[in-house]
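Letter by letter, the chains look like this.
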Amino acid sequence: MELIPQEQFLPAGDAFVQPETERTPVKGNGAWSRFRKNKSSVVAAVILALLGLFALLGPMLSPYDVATRDGYYKNVLPKWEALAFLGWDGCQTRDCAQAAADYYRGIGLEADAVAVKAVRSRKKDTNTGLFRYRLKVDTYEQVGFQYMDLTESEYAALAAYEETTGIQVMYPLPRYYQTGFVAVPGSANLWYELKDESRFSAGEAKEHDENGNAIYRPDYLLDEGGDPVYAVKNQTGYRCRVLYSRYYRYLRGHDPVHPFGTNQHGQDILVCLASGARLSFLLALGVSVINFVIGIAYGAVEGYYGGKVDLTMERISDILAAVPFIVVATLFQLHLAQRVGPVASLLFAFVLTGWIGIASRVRTQFYRFKNAEYVLSARTLGAGDRRLIFRHILPNSLGTIITGTILMIPGVIFSESMLSYLGIVNLETSRLTSIGTMLAGGRAYLGSFPHILFFPAALIALLQISFNLFGNGLRDALNPVLRQE
């Protein structure tokens, strides 16, 4: 074969320029374009964004916080004026006998702040001849009047407030005040003549009209001149009787309104839910990020090198995976929480074995792609292990890995709620609460005040559904197979 002489080879220089190939972008080729096509995932992303804003801004925009507790407004129902036409008015329907009906209908009657908003029905018992009522009771106004012990300066300030604003807060003391009946809850609302003074708890009025309605006659404590007594002096100052809704406004500067109601401690459920969601989000995101980093590093080494390295690392993963999570969490709470706190202890429990699932996915993806033609071509051209792992194999595996990480977030939230609900973990402090703690607290009130349990349960359900839909949409958007559609 005749060889071409070397002198016939000349440098190309600028004489030869590789023509540029015009590339037309493929419509819908980007991850964002594919994600937008999945309407359910877009809706889920919007819901998650709103829940994130709720967790972030909820406690800031509310006049309450987790530390705010009011024993008089315990278990009040949700009240929101904009949704009052849907029954979001803080009222509860109650069946009661004549004595209880008299008591409820007498609450706030002196101050035109009645607790009973409507009488649903009234039926006469043929056996006893007594009436039974079905009443619509405002759980906020039901607090009615309460006795307050005030210092001399506090009493003077309250009296000055009444004189300045013209709003009456203090009302006359009942005659029953002298009997020691004051120790019975709600006694400050029994201001009228009673049918049987030996049974104060009955609360039945002394007289009724022909329709069975109570005839209320004030029975106040009078001074020597025959005038009602508004306060009596005691060792610390004065004891007086106040309409608590107005006294509350005097102390806090706003009316007691809770859009989601209050729990058994008198805490605002909306603020507790936002604070609990914030804690759950931060915990879940922290766990997911740490497990994501550990899982990628561990699984990449396993899947890329294989052989004895993979065999040894897999046995370590199997040993850790065999330890039940609930046992790990319990042991950490018993022994580690005293040193680092319950939140950090729970974080360690989630991280100890939480990365194993991600590492397994990464390992599977590396076994799938490491012998692909484009990887072999890159290795032939001299690409090192680091470039092959992070430049060629890992990007094609991110869709599955990120989906698994996203779906880990609701799993962490659900597990934290389960542990708090079972009492294994206690994340509640004077300024901190969690969704699981709220579920555990509302369990005993499911029959009487279901709203305490409903709102945290609804939040968890919404988070689970939204994260699953969002994760599925993200998986499809990051799927490399769909890039050439």
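Here the structure is shown first, and the text comes after it.
Residues numbered from 1 in each chain as written. Predicted model: local features only at pLDDT ≥ 70, side-chain atom pairs only at ≥ 80, totals over all residues. Heavy atoms only, no water.

**Remarks on the overall build of the chain**
Phase 1 of the analysis: For the chain, the helix and strand inventory stands at 14 helices and nine strands.
Phase 2 of the analysis: Its C-alpha atoms give the chain a radius of gyration of 35 Å, clearly above 23 Å, the size a compact globule of 485 residues would have.
Phase 3 of the analysis: Seen through its C-alpha atoms, the chain measures out along the principal axes to roughly 140 × 55 × 50 Å.
Phase 4 of the analysis: Within the chain, the fraction of its 485 residues that count as buried is 44%.
Phase 5 of the analysis: Restricting the contact set of the chain to residue pairs at least 6 apart, pairs at least 24 apart contribute 72%.
Phase 6 of the analysis: As displayed, the chain has an accessible area near 26400 Å², and 58% of this comes from carbon and sulfur atoms.
Phase 7 of the analysis: A distance of 8 Å separates the average location of the 46 positive side-chain charges in the chain from that of its 44 negative side-chain charges. (Helix = DSSP H or I, 4+ residues; strand = E, 2+ residues; numbered from the N terminus. Rg over C-alpha atoms; globule rule 2.2 N^0.38 Å. Buried < 20%, exposed > 50% of the residue type's maximum accessible area, 1.4 Å probe, protein only. Contact = heavy atoms within 4.5 Å. Areas by Shrake-Rupley, 256 points an atom, 1.4 Å probe, with all protein chains shown as cover. Lys, Arg positive; Asp, Glu negative; His and termini not counted. Charge placed at Lys NZ, Arg CZ, Asp CG, Glu CD.)

**Focus on the packing of aromatic side chains**
Phase 1 of the analysis: Under the counting rule described, the total for this entry stands at 24 aromatic pairs.
Phase 2 of the analysis: Plain terms: the ring middles of Phe145 and Tyr171 are 5.1 Å apart, the flat faces sit at 75° to each other, and that makes the pair edge-to-face. Taken together, the positions of Phe145 in strand S4 (residues 145-150) and Tyr171 in strand S5 (residues 170-171) put the pair 26 residues apart, joining distant regions of the chain.
Phase 3 of the analysis: A relative accessible area of 0% means that Phe145 is categorised as buried.
Phase 4 of the analysis: Seen from their ring centres, Tyr155 and Tyr238 are 4.5 Å apart, and the 25° between their planes marks the pair as stacked. Of this pair, Tyr155 sits in helix H4 (residues 152-165) while Tyr238 sits in strand S9 (residues 238-243), and the two are 83 residues apart along the sequence.
Phase 5 of the analysis: The structure contains a cluster of three or more aromatic residues connected by ring pairs, namely Tyr72, Tyr73, Tyr140, Tyr161, Tyr244, Tyr247, Tyr248 and Tyr250.
Phase 6 of the analysis: Of note, Arg122 hangs over the ring of Phe131, and the distance from its end group to the ring centre comes to 4.3 Å.
Phase 7 of the analysis: We note Lys233 situated over the ring of Tyr238; from NZ or CZ to the ring centre the distance is 4.7 Å. (Phe/Tyr/Trp six-rings, centres within 6.5 Å; stacked < 30°, edge-to-face > 60°. Lys NZ or Arg CZ within 6 Å of the ring centre and 35° of its normal.)

**Here's the deal with unusual backbone geometry**
Phase 1 of the analysis: Not every positive phi belongs to a glycine, and Asn75 is a case in point at roughly 60°.
Phase 2 of the analysis: With respect to the element layout, Asn75 can be found in the loop between helix H2 (39-61) and strand S1 (91-97).
Phase 3 of the analysis: Non-glycine residue Asp112 carries a positive phi angle of around 55°.
Phase 4 of the analysis: For Asp112, the location among the structural elements is in the loop between helix H3 (98-106) and strand S2 (116-124).
Phase 5 of the analysis: With relative accessibility at 70%, the residue Asp112 sits in the exposed group.

**Some points on the sheet that holds S1**
Phase 1 of the analysis: An order of S1-S3-S2 is seen for the three strands of this open sheet, with the pairing classed as antiparallel. The open sheet has two edge strands with one neighbour each: S1 and S2. Neighbouring strand axes in the sheet, compared pairwise and without regard to direction, differ in orientation by 20° on average.
Phase 2 of the analysis: Note: S1 against strand S3 (residues 131-138), seven bridges, orientation antiparallel. Following the sheet pairing, Arg94 is matched in S3 by Leu135.
Phase 3 of the analysis: Across the sheet, H3 lies against S1, S2 and S3, angled at about 140° from S1, the strand it touches most. (Pairing = 2+ DSSP bridges. Axes fitted to C-alpha atoms, helices over the stretch in contact; angles between N-to-C directions.)

**Looking at the pairing of S9**
Phase 1 of the analysis: As paired strands, S4 and S9 are joined by six bridges and run antiparallel to one another. The residue bridging Phe145 from the neighbouring strand is Leu243, located in S9.
Phase 2 of the analysis: As judged from the three bridges shared by strand S8 (residues 231-233) and S9, these two strands associate in the antiparallel manner. Following the sheet pairing, Ala231 is matched in S9 by Cys240.
Phase 3 of the analysis: Remark: four residues form the turn of the hairpin made by S8 and S9, two consecutive strands paired antiparallel.

**Observations concerning the environment of Tyr171**
Phase 1 of the analysis: A relative accessible area of 6% places Tyr171 in the buried class.
Phase 2 of the analysis: Along the sequence, Tyr171 and Gln146 sit 25 residues apart, while their C-alpha atoms lie 9.9 Å from each other.
Phase 3 of the analysis: Those residues in contact with Tyr171 that sit more than four places away from it in its chain are Glu110, Ala111, Phe145, Tyr230, Arg241, Leu243 and Arg246.
Phase 4 of the analysis: A distance of 2.8 Å separates the side chain of Tyr171 from the side chain of Arg246, its partner in a polar contact. (Polar contact = N/O pair within 3.5 Å; in protein donor to acceptor, adjacent residues only side chain to side chain.)

**Digging into the packing of H2 against helix H6 (residues 269-305)**
Phase 1 of the analysis: For the pair H2 and H6, interaxial distance at closest approach is 8 Å and the crossing angle is 125°. By the angle class used here, H2 and H6 are oblique. The element H2 and its partner H6 pack so that their crossing is left-handed. Note on element contacts: H6 touches H2 through Leu270, Leu273, Ala274, Ser275, Ala277, Arg278 and Phe281, opposite Leu51, Gly52, Phe54, Ala55, Leu56, Gly58, Pro59 and Met60. (Parallel < 35°, antiparallel > 145°, perpendicular 65-115°, else oblique. Left-handed = near helix turned anticlockwise from the far one by under 90°.)

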